[in-house]
Amino acid sequence: MSTILSADDLNDFITPGLACIKPVEVLNPVSGPNNGSAEITIGSDGAPLEEGQALPQAQISLQDCLACSGCITSAEAVLVELQSPKELLKQLELAKEASKKSNNADVMNPPVQAADRVDKLKRHHSPHGMEFVLSVCPQTRASLAQGFNLSIPEVDQKLESFFVETLGFRCVVGTEIGRSLSLEESWRETNSKQGQLTLSSICPGWTLYAEKTHKEIIQYLSTVRSPQQITGHLLKHLLSEELSICPKTIYHVSLMPCFDKKLESARPEFMYDDAREVDLVITAKEFIDMLQSQFDTNFTSIGNKNQVSNDRISRLPKLWPSAQDMLSNDGSGSGGYLAYILAKYLKDSTNSLEVVTGKNNDFIEYHIRNANMETIFKGAQVNGFRNIQNIVRKLKLKSGNSKSTTAARRAQVRSVRSKQAQNFDVSDHQYVEVMACPGGCLNGGGQINPPADVPLKQWISDLEKKYQQIPNLDVNSDLYDKYLGLMKGMSTEKLLRTQYKYIEVDDSSVSAISVGTQW
Amino acid sequence: MNLVQHEKPVWQVSVNNYTQVPLICSASADKTAKIVDISGKILKNIEGVHDKSIRTASWRPNAANPVLALGSFDSTISIFALESGNWEFLAQLEGPDNEIKRVSWSASGTYLATCSRDKTVWIWEIDEDGEDFECVAVLQEHSQDVKHVAWHPKEELLASCSYDNTIRLWRQDDDEWLCVSILEGHDSTVWGCDFDPEADSMRLVSCSDDLTVKIWSMVSRNGGYDNSGERLPSVARWDVASEEWEVEKVLPIAHEGTIYAVKWGPNGLIASAGADGRIVIYNRDTSDWKVHKVIENAHGVYEINSLDWSEDKLVSGGDDGSAKIWNVSS
């Protein structure tokens, strides 16, 4: 386990279940002559040996966690082991070794065959045989700025300096391009649904929770891919085309505000050809811990790279849509999904916006009214598990899938009788931005914690200010068309959309639960 | 006297002291809950609502009609209300991951707290119609199974106790419920706790697998909840509230097995019971707490899971499937 990762850090506000219930599959090699019976002995180091051969250790992958109906997020050990900064360093090391070996081979056997020449050409662009790229989301940049009392440009320069100069990455990009595509696609999706409810799905904690526990809710989830995944898809496409290399030789690392983003990146559908769109997700917390433990330095002492601009542009994919500095988008610290849709309505200056504050700061309703003061759009921003519970509960009551209770029947009668809803009714909304963390993504579990003497609320409110200082990318339909044009005939469905499905409860889980039971 | 008999163990007994005639509910592993009067006459047998054991029951204070919350190992909570002579299945609450261990209404009847093996405590707020429930908090600070929740008789102060050996106290600050105190002192699972029913008292009794019954009292509080009026209400209060609670008294050791239940009666008596099948009544004479009475083998050779008071009568529920009522004079 990483030294800074405790169970607390991994708690992205939706707790994992007690025990992993995934039945572990052990790949049994074809048995030898003694027909399945084998003697298992314990080696001198305590490891079990079968006929003198080491037995493979049972391992659970992130994909297993995603496919399982057991715990809500996953076993922390799995997350930390498979997508840790150590894994990144291991990949860098492997790439270096591979490149050394092949260079030596080149010297001994000069390339004569065409295939080898192509191979060499490919390597021309990548001294290590692999291209490493980093994408950083605006929330993480704001967190680093806040955590180390730096300006956003200083953070960007230090990231560039560390990842490119020290680690040999090809380039560092922001996620605002991916996010802009995600925002515009979300608007198009909502608009096409003719008043039907859409629940945002870019929070992996929330979507996993819905997939594992609330069958009735899945139909409402937006099918738009997240900025993280779209960015990955774009990077792999543009770089592999431009450098004529296999997408698998591009290693894409994403700096994100939350641990559940690791699970998202591991979803089997998030592939570009046969390469993962995102190979590794690390959080701000893990990143600064890596600097400390592996490089014996801290973020502030990384040099600023001042000549950034030109240099930086030369390393970006040539067709990367934005060669400017990394940007952000308008609206909430969770990406501004609802704000983007509201802005579309408010382009018509006869429309007006009404903000209705709910029971708490993490529950805010936004209504758009037309010139006749009729409500033409209802949206809400809902953060945190307790508020999620309430929208899930309302939707379940509406779907009639819960048990028939007196209150549910009366509620039906009431809503028929009076059109004016006294209470919040999520089912008459068109778009709800849902995030599992109270305060949204800025308060993600992977963000840098406040010092002991600074209260969390204060910290988050200051962080929000930092975040809002990042200049915004002006998104419009032209931009969307231009970006998609760059994908040259590629399926926009594949780039921008995904699917969610209910994960059936496995009956074998019952026995697993009772094993861990303490009354 | 035997009040009621279930086919399987009785997990909890709960007395409704808010009605003219006390109503007693017994929640059982046989998936039913029975509502009886003090003579044992069955007024309602609730069955077919929960798929697994009904673990817990709580009556809502301050309600015009009797309202009952039940919590089950099937991870759901059901609400029943007596309306024009009928027991209506009013609502069902879902949310916690697994077994509900305890449900408890706040003194005002506004909040329902539930706790579960999933280590969480949920607080639900009921609307004025008494029909719509909203989750206002999911408290995830216990590191293990949460066994029990109990409210203060006057203030909106909640106590939860756990397999992690601690008791935690919770209060509302702005729109958040925050842990204001962690009571550490038991060496093993804290199975139950109960506030002193005196409205102005700040005392709590707890029972544990470590065979002790302890009385805790508040010694200081600071931050957040200063309502003295010296502070301008518009000034943001960033200071986090906290309270200090200390063990005031360890009651005389009187059990030989895990103590599952403790209940502080309106008559000032404290009752405890548990795995040794013994009910122990403690009273306070002049200055010190003494063992007042011991009922051996109250449910035969079976363990006792729950206790509740109705005036001078004590109700107990045990693994023999029975709920019994005892006269206890102070």
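Not measured: the values here are computed from a predicted model. Along each chain, numbering runs from 1 in the same order as the chain's sequence is written. By the order in which they are written, chains take letters starting at A while ligands take numbers starting at 1. Reporting in this predicted model follows two pLDDT cut-offs: at least 70 for local features of residues, and 80 or more for side-chain atom pairs to be given and counted; totals over whole chains, interfaces and linings ignore these cut-offs and use all residues. In computing side-chain values, all of the structure's heavy atoms are included and hydrogens and water are not.

A. Structural view of the overall build of chain B. Comment: elements are numbered from the N terminus, with helices defined as DSSP H or I runs of at least four residues and strands as E runs of at least two. Assigned secondary structure in chain B consists of 0 helices and 28 strands. Relative to the 2.2 N^0.38 estimate, which gives 20 Å for 330 residues, the radius of gyration of chain B is 19 Å and therefore close to what a compact globule would have. In terms of principal-axis extent, the alpha carbons of chain B reach across some 55 × 45 × 35 Å. The buried label goes to any residue with under 20% of its type's maximum accessible area, the exposed label to any with over 50%, and the partly exposed label to all in between, with areas taken from a 1.4 Å probe on protein chains only. For chain B, the residues scored as buried account for 62% of the 330 residues in total. For the radius of gyration, the atom set is restricted to C-alpha positions; the globular benchmark scales as 2.2 Å times the number of residues to the power 0.38.

B. Region of interest: the state of the cysteines. Here, the term disulfide refers to a pair of cysteine sulfur atoms separated by no more than 2.5 Å. Inspection of the entire model under this criterion finds 0 disulfides over all chains. For the unlinked cysteine cysteine 203 of chain A, the closest cysteine sulfur is that of cysteine 258 of chain A, found at 6.2 Å. Left without a disulfide partner, cysteine 161 of chain B is nearest to the cysteine sulfur of cysteine 193 of chain B, which lies 3.8 Å away.

C. Structural view of the nonpolar core. Nonpolar cores are built from buried Ala, Val, Leu, Ile, Met, Phe, Trp, Tyr and Cys residues. Side-chain atoms within 4.5 Å join them into one set. In terms of nonpolar packing, the biggest core is built from 60 residues, with Leu199 and Trp206 of chain A together with Ile79 and Leu112 of chain B touching the most fellow members. It is helix α14 (residues 337–346) of chain A that contributes the most residues to this core, 6 residues altogether. Each residue touching leucine 199 of chain A, except ones within four places of it in the same chain, is listed here: Trp206, Ile217, Tyr220, Leu221, Ser222, Ile391, Leu395, Val432 and Val434 of chain A. Core analysis: the second largest hydrophobic core is formed by 39 residues, Leu255, Met326, Ile448 and Ile460 of chain A among them. Contact between two residues is taken to exist if any of their heavy atoms lie within 4.5 Å; hydrogens are not considered.

D. Seen up close, the interface of chain A and chain B. Of the residues lining the interface, 36 residues belong to chain A; the matching set on chain B comes to 39 residues. Any carboxyl oxygen of Asp or Glu that lies within 4 Å of a side-chain nitrogen of Lys or Arg is treated as forming a salt bridge with it. Counting the contacts that link chain A with chain B gives 4 salt bridges. For lysine 396 of chain A, the salt bridge is made with glutamate 94 of chain B, and the minimal N-O distance between the two is 3.3 Å. Polar contact is the term for a pair of N or O atoms within 3.5 Å; when the atoms are in protein, one must be able to donate a hydrogen and the other to accept it, and sequence-neighboring residues count only if both atoms are side-chain atoms. On inspection of chain A and its partner chain B, the count reaches 7 residue pairs in polar contact (both at pLDDT 80 or more). The set of elements that each furnish at least two residues to the side of chain A that touches chain B consists of α15 (385–399), α16 (406–417) and α17 (456–469) of chain A. The element contributing the most residues to the side of chain A that touches chain B is α15 of chain A, with 7 residues. Each residue receives one of three labels: charged for Asp, Glu, Lys and Arg, nonpolar for Ala, Val, Leu, Ile, Met, Phe, Trp, Tyr, Cys and Pro, and polar for the others, Gly being one of them. Looking at side-chain class alone, the side of chain A that touches chain B contains 10 nonpolar, 16 polar and 10 charged residues.

E. Just the sheet that holds strand β23 (residues 270–274) of chain B, in detail. Residue and element names in this part refer to chain B. Paired strands, as defined in this entry, are two strands with at least two bridges between them according to DSSP. As summarised here, the arrangement of the 4 strands in space is β22-β23-β24-β25, forming an open sheet in which the pairing is antiparallel. Each having just a single partner strand, β22 (259–264) and β25 (288–295) make up the two edges of the open sheet. For this sheet, the mean inter-axis angle between neighbouring strands, taken without regard to orientation, is 25°. As paired strands, β22 and β23 are joined by 5 bridges and run antiparallel to one another. Residue pairing for β23: valine 262 is matched across the bridge by serine 272. Interaxial angle, 0 to 180 degrees, is taken between N-to-C directions of lines fitted to C-alpha atoms, where a helix line uses only the stretch in contact.

F. Focus on helix α6 (residues 138–148) of chain A. Residue and element names in this part refer to chain A. For α6, a buried count of 9 out of 11 residues is recorded, marking the element as mostly surrounded by other parts of the structure. Listing the buried residues of α6 in full gives Pro138, Gln139, Thr140, Arg141, Ala142, Ser143, Leu144, Ala145 and Gln146. Elements that come into contact with the buried residues of α6 comprise β4 (131–136), α7 (152–166), α8 (176–192), β7 (250–256), α12 (284–295) and α17.

G. Up close: the pattern of salt bridges. For the structure shown, the criterion picks out 41 salt bridges over all chains. For arginine 267 of chain A, the salt bridge goes to glutamate 211 of chain A, with nearest N and O atoms at 2.9 Å. You can see arginine 267 of chain A sitting in the loop between α11 (260–265) and β8 (271–272) and its partner glutamate 211 of chain A sitting in helix α9 (residues 204–213), a full 56 residues away along the chain. As a salt-bridge pair, glutamate 155 of chain B and arginine 171 of chain B come within 2.8 Å of each other at their nearest N and O atoms. Residue glutamate 155 of chain B is located in the loop between β14 (146–151) and β15 (158–162), and its partner arginine 171 of chain B is located in strand β16 (residues 166–173); the two are separated by 16 residues in the primary sequence. For glutamate 155 of chain B, a relative accessible area of 26% corresponds to the partly exposed category. Connected through salt bridges with shared partners, the residues Glu155, Arg171, Arg221 and Glu243 of chain B form a single ionic network.

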